[in-house]
Amino acid sequence: MHCPEKNKMIKTLFLVSLLIHETLAQKTARSNLPTAPQTPILTAKKWSTLSGEEPLVIARGGFTGLFPEGSSDAIAISKDISIFLCNVQFTKDDGAFCVTGIKLDNATNIAVLNPKEKTYNINGQEVQGHFAVDYTGALKEKNVSMNQAIFSRPSFYDGMSPVLKVDGILSGKSPSRFWLNVQYEAFYNQHRVKLVGIVLEILRLYQIDFISSPEIGFLRSISGKVPKKATKVILQLLNANDVEPTTKLSYGTIVKDLTTIKSFASDIMVPKEYIWPLNPNKYLGPFTTLVPDAHKLGLQVYTFGFANDFFSSYSYNYVPTTEYLQFIEKGDSVDGVVTDFAPTASSAIGQALIISNSGASGVYAGSTDLAYQQAINDGVDIIDCSVQMTKDGIAFCSNSADLMVDTTAMTKFMSRTSNVPEVQTKSGIFSFDLTWKEIQTLQPQIVNPLGSDFQRNPANKTSGKIVTLFEFLELAQAKAVTSILVNIKNAAYFASKKGIDIVGVVSNVLSNATFDKQATQQVLIQSDESSVLSKYKDIPFYKKVLLIENTIGDVPKHTVDEIKKYAEAVNLPKSSVIKTSDSLLTGMTNIVKELKDANLIVFVHTLRNEYTSLAFDYWSDPNIEIATYIHSAKVDGIVTDFPATASRYMRSPCCDPNHELAILPARPGDLRSTIQPELLPPVQAPFPPLEVANIVDPSLPTVVNINRTNPATAPTPTPPPSSVRANDANFGLSLVVVLLFARIFVGH
């Protein structure tokens, strides 16, 4: 959806909502595995900020892109999604107000009340206007109100909000996080306004999270007097040619000596051009090394100057979100952005993870070089490889061990068809019965999960190359993908029947690709077998994901506690989150909340574009399904065949997960309530809860030596994984319910 269509969409949704409401009136570590440094728990995204957390959004005076700076409306709109930055001015009786600059003229109606101006020499410049230092703190009583200081912005709200004192804002504890920016110490001292004393008194009385200044003398004056754990002291660097009043050096010179800055400040705040400079033709120049250099010294970097309505560079094509992403996704990320439009910055940063399903398997054959490259180009956060094994022990990526599913194996190796009930119920041509050389003779082919009537990209049906796990990891490194997910299945079968230690193979390949020796790309190990995940419990950098393949209706607390012994995240089928009956949404489960309350990350699988995979409530629009899982169900990531669809949705400036939504999520049950009761499908039997027995597997069996196995001796039966046992537990469902579930599964 394009932003100009937002109003039309909202009107349409409102009318439909009225129609609906009117009708209502109706899922033992190997000792030789590598260890890695302790890293934070998996979060919704791995950021290249100094802390590893998402960049901060800092609102200059609140939402000043629309409302006057520091006004109650500006604060109210931005307070839940950003840190409030107050550029403070002081009156002659030590009153403090949030107004950018040294004059009151543009930001207030002071000139109307007192037309007489004064002229002062400030840092060597003659400045004429109205100055707060000439007034007392009783500006509100004098009917001084706030105006929009930038004349190209709407003036509708001018004069509607009084000037607000800093202590009044802070005493109300809204906004919850406060940044105080202080300037012009020499000027205030000349007027007997002792800046250091006033600021220290404010720090004594209130919680100030950040205090910044472009003046080194001021920062040195408060050094040692600010509570380090509570308040960060930040040097603001102005334009490169501007002169810092204490040292008389240009800021362009000062920024070259980060070590000295570190002696009196914990972080720096810089203009955007210090990081991404502009060429004379207004296109972006090369990325500077300021952010990585500062991060090496432990200095966080905040950048200012962001506004949707200021031209910045032709490289952004007038798309504000693109500019924010340039600073947080290209190279080392800045640690925060100062903006007049906090909602736009928030929507660019605060997003759920996009996880590929065998790459962009909706566009190219899954698990091929082309599918992975496409997913990366489409903006995926995590690319995945479901590991399969060849007869000669090569690990490669494929969604299924049965090569009949996604390759041309039937045309060459039909004689190799076999039955392996430990892997799947039907016969197949399995990768572990073929050598890697034999598999390389096959062509991959696109899988059409919705049937032959809904073919995917037929022009490229067999394009691409099957890749080994090592090649997959090389691609992830070359393209600097944020995270990788390695899915391991059938480990017990490989160990007991094929003599293959798939866990050991995967670990060795990861180590050979140096993924155990770096901390820039997150590694997720996923499995439906707890015995596999337990092998990685001593490697904190490898985050574990428990895969739940069968639909469940609930997760009791004792099961959640058991999951936490093995995993940091859970990957659920989407039908376990939002309940569906005959293509109609019927309600939501509490599973996501139950897992997230236990500090577990929640993913859902698998989202697709084809309209037959979508409930009627989504209006045949995959964007509405994405919106529903992210904003209503509040999952942390979605697994999709089409990363481009999810990326376009999440990157859209029309979509702000922390504010008003342009693409509204569906409300489960609303559409169903409009249907005559006699036309409704039968009520679906509730799905069973996830029990401990469904997730806990026996320890992996010893890896057999196939060459020494006595063929006359019957092998020890392989215990089925917990996911298979869950299927057995559900076998007693009535035929009607099974058929209904099958219908839903195919459709969704």
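Residues numbered from 1 in each chain as written. Predicted model: local features only at pLDDT ≥ 70, side-chain atom pairs only at ≥ 80, totals over all residues. Heavy atoms only, no water.

Student: Would you take a moment to explain the nonpolar core for this structure?
Tutor: If you look at soluble globular proteins, the nonpolar side chains tend to sit buried side by side. If you look at the biggest cluster of nonpolar residues, it comprises 85 residues, and the most contacted ones within it are Ile 383, Leu 469, Phe 472, Ile 484, Ile 563 and Leu 595. For Ile 383, the contacting residues outside a window of four places in its chain are Ser 356, Tyr 372, Ala 375, Ile 376, Phe 472, Ala 476, Val 481, Ser 483, Ile 484 and Leu 485. (Core = buried A, V, L, I, M, F, W, Y, C linked by side-chain atoms within 4.5 Å. Buried < 20%, exposed > 50% of the residue type's maximum accessible area, 1.4 Å probe, protein only. Contact = heavy atoms within 4.5 Å.)

Student: Is there a simple way to explain the pairing of strand E4 (residues 118-122) in this structure?
Tutor: Residues in a regular strand point their side chains to alternate faces of the sheet. When E4 meets strand E5 (residues 125-129), the two strands line up antiparallel, connected through 5 bridges. For Tyr 120, the partnering residue across the bridge sits in E5 and is Val 127. The hairpin formed by E4 and E5 contains 2 residues between the paired strands, and Asn 123 there has a positive phi angle of roughly 50 degrees. (Pairing = 2+ DSSP bridges. Helix = DSSP H or I, 4+ residues; strand = E, 2+ residues; numbered from the N terminus.)

Student: I would appreciate a short explanation of helix H17 (residues 491-498) in the present structure.
Tutor: For an α-helix the count is 3.6 residues per turn, leaving residues at separations of three or four pointing the same way. The buried fraction of H17 amounts to 6 of the 8 residues, a majority that puts the element mostly inside the structure. Within H17, burial applies to Ala 491, Ala 492, Tyr 493, Phe 494, Ala 495 and Ser 496. The secondary structure elements touched by the buried residues of H17 are strand E13 (382-389), helix H18 (502-512) and helix H19 (530-533). Within two residues after H17, Gly 499 carries a phi angle of roughly 70 degrees, on the positive side.

Student: How should the state of the cysteines be read in this particular structure?
Tutor: By definition, a disulfide links the sulfur atoms of two cysteine residues through a covalent bond. Going through the model one piece at a time under the given rule, you end up with 2 disulfides. In this model Cys 86 forms its disulfide with Cys 98; the gap between the sulfur atoms is 2.1 Å. The disulfide joining Cys 86 to Cys 98 has a torsion of about -105 degrees about its S-S bond and is therefore left-handed. Here Cys 86, found in strand E2 (residues 83-90), pairs with Cys 98, found in strand E3 (residues 96-98); they are 12 residues apart in sequence, far enough to count as distant. Both residues of the pair, Cys 86 and Cys 98, count as buried. Residue Cys 385 pairs covalently with Cys 397 via a disulfide, S to S 2.0 Å. (Disulfide = S-S within 2.5 Å.)

Student: Can you help me understand the side chain of Arg 608 in this one?
Tutor: Mapped onto the elements of the fold, Arg 608 is located in the loop between strand E21 (601-607) and helix H22 (622-632). Polar side-chain contacts of Arg 608 include one of 2.8 Å to the side chain of Asp 641. Residues contacting Arg 608, with those up to four places away along its chain left out, are Pro 449, Leu 450, Arg 456, Ser 613, Leu 614, Pro 622, Glu 625, Asp 641 and Phe 642. (Polar contact = N/O pair within 3.5 Å; in protein donor to acceptor, adjacent residues only side chain to side chain.)

Student: How do you make sense of the packing of helix H16 (residues 469-478) against H18 when you look at a structure like this?
Tutor: How two helices pack is summed up by the angle between their axes together with the distance between the axes. With their axes 10 Å apart at the nearest point, H16 and H18 run at an angle of 35 degrees to one another. The two elements H16 and H18 meet at a crossing, and its hand is right-handed. Of the residues in H18, those touching H16 at Leu 469, Phe 470 and Leu 473 are Val 506, Val 509, Leu 510 and Asn 512. When grouped by side-chain class, the residues that make up the contact of H16 with H18 number 6 nonpolar, 1 polar and no charged. (Axes fitted to C-alpha atoms, helices over the stretch in contact; angles between N-to-C directions. Left-handed = near helix turned anticlockwise from the far one by under 90°. Nonpolar A, V, L, I, M, F, W, Y, C, P; charged D, E, K, R; others polar.)

Student: Quick question: what am I supposed to make of the pattern of salt bridges here?
Tutor: The full count for this structure, using the stated rule, is 24 salt bridges. The partner of Asp 597 in a salt bridge is Lys 593, with the nearest N and O atoms 2.7 Å apart. The two residues Asp 597 and Lys 593 agree in class, both being exposed. Asp 641 serves as the salt-bridge partner of Arg 608, at 2.8 Å between the closest nitrogen and oxygen. Placement of Arg 608 in the loop between E21 and H22 and of Asp 641 in the loop between strand E22 (637-640) and helix H23 (643-651) is noted, with a sequence separation of 33 residues between them. Like Arg 608, the residue Asp 641 is buried in the burial classification. Residues joined in a network through salt bridges with shared partners are Arg 60, Glu 69, Arg 153, Asp 309 and Asp 340. (Salt bridge = Lys/Arg side-chain N within 4 Å of Asp/Glu carboxyl O.)

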